[in-house]
Amino acid sequence: MCGIVGYIGDEQAAPILIKGLEKLKYRGYDSAGVCTNDGEKFIVEKEKGKIEVLQKYTDDGKNIAGNAGIGHTRWATHGEPSKINAHPHLSQSESFAVVHNGIIENYMELKQELSEKGIVFCSSTDTEVIAQLLEYYDNGDLLDTVTKIMPLMKGSYALGIMYKEKPDEIIAVRKGSPLIIGIGENENYLASDVPAILDKTRKIYRLDNEEIAVIKRDSITVYDAEKNVVEKPVETIEWSMDAAEKDGYEHFMLKEIMEQPKAVHNTIAERIRDGRIVLDEIKLTPEQIRNFDKINIVACGSAYHVGVVAKYIFEKLLRKPVEVDVASEFKYRDPIINEKTLTIVISQSGETADTKEAMQEAQKKGSYAVAIVNVVGSAIAVGADDVIYTLAGPEIAVATTKAYSAQLAVIYMMAIYFGDILGKISEQDYKNYVSELLALPEKIQLILDKTEDIKNTASKLFARKDVFFIGRNIDYALSLEGSLKLKEISYIHSEAYAAGELKHGTISLIEDGTLVIALSTYDDLGEKLQSNIKEVQSRGAYVLGIGCEGRESLKKCTKSVIFIPKTCDIMLPSLAVVPMQILAYYMARFKGCEIDTPRNLAKSVTVE
Ligand code: F6R
């Protein structure tokens, strides 16, 4: 959510900043701006709209002088998307420039206090308060000023700060929101995410909470909040730029859909040795696993949908009760959990504020937290008691696909591993599960090979106004994801319903031509689902079925069917989600939507 980039060196800064922002546009895209210091003054250029507007206006940054600068791409929280609310923000007499990710929760209070002292604000943002605070407390020593204002601000922040009097340095500060420092040769960088600087350097420092970096052309010094120097390990980014490029695909989303066999393979390959699931990265002992009497899952959005699938799987295999909560609700319902509850936290970015807060709440109540995370070193990964990384590689499209699939793969492994420890899985079932797990990448590929057919189906359906996804049991859990995928990128209204629940009210919305996507992969309830299909069909619905090969009866009660390969019940979601992703992608594309950067959304939601 919002992207930050910074540069200091011998080259012209603005073109580097703008190129970096382009790589971060998935983090926020309602306005963008840069500020450079040409040695005498700040030059600020910002524009409402996507980064392309700023690129055009500044000739890709070429007409902005200066060898040091900071840039930002915004996802509005405080104040509408506009040029005035775009970052960087300057202090009243233009001595400080600030870019900010996160939220200053007490900004109204601070703004009031500063206004009473005669300081005039020009934007509606919380960020401007930071610039004004810096100027108000300025004592000529930038590091000291920064440490003075840090305790005054409540909330979360990743900041890039420039001081007019010190054109040869940039300050980076972090509390909550992520920030990395890129290490170059006689030049250094600052960024909220790796892709922004990956074509410049692979060596980075990751700032921890309340650390401050003083970045100069030829040095980087990191301090804690008491101004003690902190020795940071240099991290080398292993993944290549290709992983963060479109690689010939029109959109990241399509590329990432196609990468799912690899994402799932990478996530499971190292963890299956000699036919056994080995989760040796977790400290959780078999004894602890036996002692848990409940599992609690917290996550947001698609990751929450993985949690709903997990509930069906864990309850089936482990016979332990599972509660799944939308993370933003969890903390505020005073959940009944304790040291006998295992908490599983699921997050691609590892930075989602709601999820992080929910995890901390669970830990406060004594629960052991295992996080399933994609981004290495992210806040949730660091804060959890154990972390199992999904090895999906960087996910750039705002709508998640490969991370969802990799998260499911981890859930299967955990369920089988725990089930084995609890003695709930027979040796034969264990073997079957492992062999199905290993076969998943290949089976996903078989569905990807049908992309043209699914595209053709999408071409007939993209003009529909309302879509209902229905399913029972694990198919219902999956329908939640199918519906979210479609609505978030195509803006077509869609809802997911437990198929048996539709008749309790919502069926009144079904009329001639309403599209119903019926998930019927779970064989045990196939007959019952077919009755629900007939109910909507007789009210005029156009039904598209998704079922396993062999379920020929589905053809009789639907207009068309997408067949997926068979697998064991618990792993069906990994296959059935793929045609829904492809369908959503092409329906959005036929509608001419901005697929990788859907309106109002951003990747990695770091505000509550
Ligand atoms: C939907 C989507 C979001 C995320 C949610 C959680 O396609 O991507 O719903 O799943 O914002 O994000 P993470 O997994 O980063 O915590």
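Residues numbered from 1 in each chain as written. Predicted model: local features only at pLDDT ≥ 70, side-chain atom pairs only at ≥ 80, totals over all residues. Heavy atoms only, no water.

Attention now moves to the overall build of the chain. The secondary structure content of the chain amounts to 19 helices and 26 strands. For a compact globule of 608 residues, the expected C-alpha radius of gyration is about 25 Å, and the chain comes in at 25 Å, within 12% of that figure. The dimensions of the chain, computed from C-alpha atoms along their principal axes, are 75 × 55 × 45 Å. Within the span of the chain, comprising 608 residues, buried residues form 60% of the whole. In the chain, the share of contacts with a sequence separation of at least 24, taken over all contacts with a separation of at least 6, comes to 72%. Summed over all atoms, the accessible surface of the chain reaches about 23000 Å², with 47% contributed by carbon and sulfur. (Helix = DSSP H or I, 4+ residues; strand = E, 2+ residues; numbered from the N terminus. Rg over C-alpha atoms; globule rule 2.2 N^0.38 Å. Buried < 20%, exposed > 50% of the residue type's maximum accessible area, 1.4 Å probe, protein only. Contact = heavy atoms within 4.5 Å. Areas by Shrake-Rupley, 256 points an atom, 1.4 Å probe, with all protein chains shown as cover.)

The subject of this paragraph is the nonpolar core. Core analysis: the largest hydrophobic core is formed by 128 residues, its most contacted members being Ile-277, Phe-314, Met-414 and Leu-437. Residues in contact with Ile-277, not counting those within four places in the same chain, are Arg-271, Ile-272, Met-413, Ile-416, Tyr-417, Tyr-430, Val-434 and Leu-437. Counting residues in hydrophobic clusters, the runner-up holds 28 residues, among them Leu-110, Ala-131, Leu-159 and Tyr-163. (Core = buried A, V, L, I, M, F, W, Y, C linked by side-chain atoms within 4.5 Å.)

This paragraph deals with the packing of aromatic side chains. Applying the stated criterion across every chain yields a total of 7 aromatic pairs. With a centroid separation of 5.1 Å and an interplanar angle of 85 degrees, the aromatic rings of Tyr-136 and Tyr-137 are classed as edge-to-face. Judged by its relative accessible area of 32%, Tyr-137 falls in the partly exposed class. Taking the centre distance of 4.8 Å and the plane angle of 85 degrees together, the rings of Tyr-585 and Tyr-586 count as edge-to-face. Taken together, the aromatic side chains of Phe-462, Tyr-585, Tyr-586 and Phe-590 make up a single cluster linked through ring pairs. (Phe/Tyr/Trp six-rings, centres within 6.5 Å; stacked < 30°, edge-to-face > 60°.)

Once that is clear, we can look at helix H17 (residues 526-537). The first and last C-alpha atoms of H17 sit 16 Å apart over 12 residues, in line with the 16 Å expected at 1.5 Å per residue. The complete set of buried residues in H17 reads Gly-526, Leu-529, Gln-530, Asn-532, Ile-533 and Val-536. Buried residues of H17, viewed axially, fall in a sector of 160 degrees; they line one side. Along its buried surface, H17 packs onto strand E22 (466-471), strand E24 (515-520), strand E25 (542-548) and helix H18 (553-556). (Expected span 1.5 Å × (residues − 1). Arc of directions from axis to C-beta.)

The domains assigned to the chain are domain 1 (3-238), domain 2 (241-445) and domain 3 (450-596). Averaged C-alpha coordinates put domain 2 and domain 3 at centres separated by 25 Å. Contacts between domain 2 and domain 3 engage 34 residues on the former and 32 residues on the latter. For the pair domain 2 and domain 3, the summed buried surface comes to about 2900 Å²; carbon and sulfur atoms form 67% of the total. At the junction of domain 2 with domain 3, the criterion picks out 2 salt bridges. One salt bridge connects Asp-569 with Lys-316, and the closest N-O pair in it is separated by 3.5 Å. For the pair domain 2 and domain 3, the interface holds 14 residue pairs in polar contact (both at pLDDT 80 or more). (Domains from an automatic or database assignment. Buried area = accessible area lost by both parts, 1.4 Å probe. Salt bridge = Lys/Arg side-chain N within 4 Å of Asp/Glu carboxyl O. Polar contact = N/O pair within 3.5 Å; in protein donor to acceptor, adjacent residues only side chain to side chain.)

Bringing the site of the ligand into the picture now. Taken together, 14 residues surround the ligand, and among them Ser-347, Gln-348, Ser-349, Thr-352 and Glu-488 come closest. One of the backbone N or O atoms of Gln-348 is found 2.6 Å from an oxygen atom in the ligand. Val-398 is positioned with one of its backbone polar atoms (N or O) 3.2 Å from an oxygen atom of the ligand. Bound to the protein, the ligand loses 87% of the 410 Å² it would expose on its own. (Near = heavy atom within 4 Å.)

Consider a sheet: its strands pair through backbone hydrogen bonds, and that pairing is either parallel or antiparallel. The strand order E18-E17-E19-E20-E21 describes an open sheet built from 5 strands, whose pairing is parallel. Here the strands that pair on one side only, and so sit at the sheet edges, are strand E18 (322-326) and strand E21 (386-389). Taken pair by pair, the neighbouring strands of this sheet meet at an average axis angle of 20 degrees, ignoring direction. As defined by bridge partners, strand E17 (residues 294-299) adjoins strand E19 (residues 341-347) across 5 bridges and the pair is classed as parallel. Residue pairing for E19: Asn-296 is matched across the bridge by Thr-343. (Pairing = 2+ DSSP bridges. Axes fitted to C-alpha atoms, helices over the stretch in contact; angles between N-to-C directions.)

With 6 of 6 residues buried, strand E1 (residues 3-8) is to be regarded as a mostly interior element. Bridging between E1 and strand E4 (residues 68-74) involves 6 bridges; their strand directions are antiparallel. Bridge assignment links Gly-6 to a residue of E4, and that residue is Ile-70. For E1 and strand E10 (residues 188-191), the ladder comprises 4 bridges, and the chain directions are antiparallel. Within the sheet, the bridge partner assigned to Ile-8 lies in E10 and is Asn-188.

Residues of helix H2 (residues 51-58) that are buried include every one of Ile-51, Leu-54, Gln-55 and Thr-58, and no others. Along H2, the residues classed as buried sweep out an arc of 105 degrees about the axis, all on the same side. Its buried side turned inward, H2 meets helix H1 (13-23), strand E2 (31-37) and strand E3 (42-48). Immediately downstream of H2, the backbone of Asp-59 shows phi near 55 degrees, a positive value.

Below, the discussion takes up the sheet that holds E22. The parallel open sheet is built from 5 strands, whose spatial order is E23-E22-E24-E25-E26. Two strands bound the open sheet, and with one partner strand each, they are strand E23 (493-498) and strand E26 (560-564). Neighbouring strand axes in the sheet, compared pairwise and without regard to direction, differ in orientation by 20 degrees on average. As paired elements, E22 and E24 share 4 bridges and run parallel to each other. Following the sheet pairing, Phe-469 is matched in E24 by Ile-517.

Among the structural elements, Thr-267 can be located in helix H7 (residues 260-269). Classification of Thr-267 as buried rests on a relative accessible area of 0%. A distance of 3.0 Å separates the side chain of Thr-267 from the backbone nitrogen of Leu-391, its partner in a polar contact.

Here we come to the packing of helix H13 (residues 402-421) against helix H14 (residues 427-448). Interhelical geometry of H13 versus H14 gives an angle of 165 degrees and a closest axis separation of 11 Å. In terms of orientation, H13 and H14 fall into the roughly antiparallel class. For H13 against H14, the interelement crossing comes out left-handed. Contact residues: H13 offers Tyr-412, Met-413, Ile-416 and Asp-420, while H14 offers Tyr-430, Tyr-433, Leu-437 and Leu-440. Here the residues of the contact of H13 with H14 sort into 7 nonpolar, no polar and 1 charged. (Parallel < 35°, antiparallel > 145°, perpendicular 65-115°, else oblique. Left-handed = near helix turned anticlockwise from the far one by under 90°. Nonpolar A, V, L, I, M, F, W, Y, C, P; charged D, E, K, R; others polar.)

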